[in-house]
Amino acid sequence: MTVNAHPNLDESRLVEALKRGEQAAFTEAVSTYTAGMLAVARYYVDPANAEEIVQDCWVTVIDAVRRFEGRSGLKTWLHRIVANRCKNLLRTSHREITTDFTERLEPELESRFKTSGRWATPPKLRFDESADVLLENGALSDCLDKHLGHLPENQRSALILYEAHQHKSDDVCNILDVSASNLRVMLHRARQKIFLMVETFQETGEC
Amino acid sequence: MLMCRELAGIASDYIDGELSTGRRLSVQMHLMMCRHCRSFIGNLRASTELLRGHSSARVEPAVIDRINHRVTEALSHRPETPDPDPDPDPDKDR
Ligand SMILES: [Zn+2]
């Protein structure tokens, strides 16, 4: 993740360069923002079509960015462009919703409580290591990739936009077209899966 | 009284600061007394941080290359300096 002391200053400079159609600015923007745009597209369409949609979006951005007024951040604006394009393409969407929004607990976690509501099988881990140290373990990082890949698309996109791209909840709801309460459930369900994965990995060394 | 299972259900809301003050206080009370839930919240938070640090949406360089290629091509059809109020192109012959 890039942490920037003056993100807005840098961003407005980048936006001005994009408006002028500078090639270098586009190269920079493409490398910075494509990952998030793909996450949005993959929420709506299958991965094979997601890349093409994102390509098309970048081409439209060349002209559209001249009308960008900075009411939202550039990233949010780009993500909305992708979301709108997907929604237009999917007027009759058959997107599979794999999250049961009435259940806040993953079945695997639910089964770890007694009927009294106390823990029967409490968490086995202590996270003494910081996330950075854990990530230096390449095998864990690979395992994380694998499990992220297995998350339902909607949970993965919610997680990526909220965590990796640090979007505000309102923006994620808008981009993914979900209610705030359903977003909370998607995030929580996805995090539980990641927790269960890390727990298994640390306990057994297996993914 | 908040039970462990219920707390586990709202753990993300607690971590993200999305609970009402009353709810937050009852979670804090519970955490003072229950090490399993402390451990769960800690683990869930660490899992979340793990994701933040992980380039979870890493993109294949080839994907970036293909986009840059298309953008470059599209840019070459665009005037170098945009006219802020562009006139209709009088030479348009198609
Ligand atoms: Zn407890």
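Note that the structure is a prediction, hence the values are computed from the model and not measured. (Residues numbered from 1 in each chain as written. Chains lettered and ligands numbered in written order. Predicted model: local features only at pLDDT ≥ 70, side-chain atom pairs only at ≥ 80, totals over all residues. Heavy atoms only, no water.)

Engineer: Would you mind showing me how to read the overall build of chain A here?
Structural biologist: A count of helical and extended segments in chain A gives 10 helices and zero strands. Ordered by position from N to C terminus, the α and β elements of chain A give α-α-α-α-α-α-α-α-α-α. Each of the 207 residues in chain A was classed as buried or not, and the buried ones make up 50%. Of the contacts formed within chain A by residues at least 6 apart in sequence, a portion of 68% connects residues at least 24 apart. (Helix = DSSP H or I, 4+ residues; strand = E, 2+ residues; numbered from the N terminus. Buried < 20%, exposed > 50% of the residue type's maximum accessible area, 1.4 Å probe, protein only. Contact = heavy atoms within 4.5 Å.)

Engineer: Can you help me understand the interface of chain B and chain A in this one?
Structural biologist: Interface extent is often summarised as the accessible area lost during association of the parts. Listed as interface residues are 45 residues of chain B and, on the opposing side, 62 residues of chain A. Here chain B and chain A share eight salt bridges between them. Between A:Asp56 and B:Arg70 there is a salt bridge; the shortest N-O distance is 2.6 Å. Taken together, the links from chain B to chain A amount to 19 residue pairs in polar contact (both at pLDDT 80 or more). Secondary structure elements with two or more residues in the side of chain B that touches chain A: helix 1 (4–9), helix 2 (11–15), helix 4 (35–53) and helix 5 (61–75) of chain B. In terms of residues, the side of chain B that touches chain A owes the most to one element, helix 4 of chain B, which gives 15 residues. (Salt bridge = Lys/Arg side-chain N within 4 Å of Asp/Glu carboxyl O. Polar contact = N/O pair within 3.5 Å; in protein donor to acceptor, adjacent residues only side chain to side chain.)

Engineer: Explain the domain arrangement of chain A here, please?
Structural biologist: Residue and element names in this part refer to chain A. Split by domain assignment, chain A resolves into domain 1 (7–93) and domain 2 (107–204). The centre of domain 1, based on its C-alpha atoms, is set 27 Å off from the matching centre of domain 2. If you look at the interface, domain 1 gives 14 residues, while domain 2 gives 14 residues. Interface area, domain 1 with domain 2, both sides summed: about 1200 Å², of which 53% is carbon and sulfur. At the boundary of domain 1 with domain 2, the tally comes to two salt bridges. Here Arg80 ties to Asp171 by a salt bridge, and the two come within 3.3 Å at their closest N and O atoms. (Domains from an automatic or database assignment. Buried area = accessible area lost by both parts, 1.4 Å probe.)

Engineer: Is there a simple way to think about the nonpolar core in this case?
Structural biologist: For soluble globular proteins, the rule of thumb is that nonpolar side chains tend to be buried together. A:Trp58, A:Leu74 and A:Trp77 are the most contacted members of the largest nonpolar core, which has 64 residues in total. It is helix 2 (residues 23–44) of chain A that contributes the most residues to this core, 11 residues altogether. Taken domain by domain, this core gets at least three of its residues from each of domain 1 (7–93) and domain 2 (107–204) of chain A. The contact partners of A:Trp58, leaving out residues within four places of it in the chain, are A:Phe26, A:Ala29, A:Val30, A:Tyr33, A:Thr34, A:Met37, A:Leu78, B:Ile67 and B:Val71. (Core = buried A, V, L, I, M, F, W, Y, C linked by side-chain atoms within 4.5 Å.)

Engineer: Can you walk me through the coordination of the zinc ion in this structure?
Structural biologist: Around a metal, the perfect tetrahedron of four donors has angles of 109.5 degrees, and the perfect octahedron of six donors has angles of 90 or 180 degrees. Residue and element names in this part refer to chain B. Those protein atoms acting as donors to the zinc ion are Cys4 (SG), His30 (NE2), Cys34 (SG) and Cys37 (SG), and they sit at 2.0 to 2.3 Å. What the four donor atoms of the zinc ion show is an angle range of 101 to 113° at the metal, which sorts the shape as tetrahedral. Mapped onto the sequence, the residues coordinating the zinc ion show the spacing C-x25-H-x3-C-x2-C. Summarising the burial analysis for this pair, Cys34 and Cys37 share the class buried. (Donors = N, O, S within 2.8 Å, 3.2 Å for Na, K, Ca; no water. Tetrahedral: all angles 85-135°; square planar, octahedral: opposite > 155°, others 65-115°.)

Engineer: Sorry, what's going on with the pattern of salt bridges here?
Structural biologist: Side chains that carry opposite charge are capable of pairing whenever their charged atoms lie near each other. Tallied over the full model, the rule gives 20 salt bridges over all chains. Put simply, A:Arg104 and B:Asp13 hold a salt bridge, and the shortest N to O gap is 2.8 Å. Within this pair, whereas A:Arg104 is found in the loop between helix 4 (74–89) and helix 5 (107–110), its partner B:Asp13 is found in helix 2, the two belonging to separate chains. For A:Arg104, a relative accessible area of 27% corresponds to the partly exposed category. Taking relative accessible area as the criterion, B:Asp13 reaches 8% and is therefore assigned buried. In this structure, B:Glu6 engages B:Arg23 in a salt bridge whose closest nitrogen and oxygen atoms are separated by 3.2 Å. Within this pair, whereas B:Glu6 is found in helix 1, its partner B:Arg23 is found in helix 3 (residues 21–33), the two being separated by 17 residues in sequence. Residue classification places B:Glu6 among the partly exposed residues on the basis of a relative accessible area of 36%. Residue classification places B:Arg23 among the partly exposed positions, given a relative accessible area of 32%. A network of salt bridges, in which partner residues are shared, links A:Arg104, A:Glu163, A:Arg184, A:Arg191, B:Asp13, B:Asp16 and B:Glu18.

Engineer: What should I look at first to understand the packing of helix 2 of chain A against helix 5 of chain B in this one?
Structural biologist: The description of two helices packed together rests on the angle between their axes and the distance between the axes. At a minimum axis separation of 10 Å, helix 2 of chain A and helix 5 of chain B run at an interaxial angle of 135°. Between helix 2 of chain A and helix 5 of chain B, the angle falls in the class oblique. Note on packing geometry: the crossing formed by helix 2 of chain A with helix 5 of chain B is right-handed. When helix 2 of chain A is examined against helix 5 of chain B, the residues A:Gln23, A:Phe26, A:Thr27, A:Val30, A:Ser31, A:Thr34 and A:Leu38 are found in contact with a partner set consisting of B:Val63, B:Ile64, B:Ile67, B:Asn68, B:Val71, B:Thr72 and B:Leu75. By residue class, the composition of the contact of helix 2 of chain A with helix 5 of chain B is eight nonpolar, six polar and no charged. (Axes fitted to C-alpha atoms, helices over the stretch in contact; angles between N-to-C directions. Parallel < 35°, antiparallel > 145°, perpendicular 65-115°, else oblique. Left-handed = near helix turned anticlockwise from the far one by under 90°. Nonpolar A, V, L, I, M, F, W, Y, C, P; charged D, E, K, R; others polar.)

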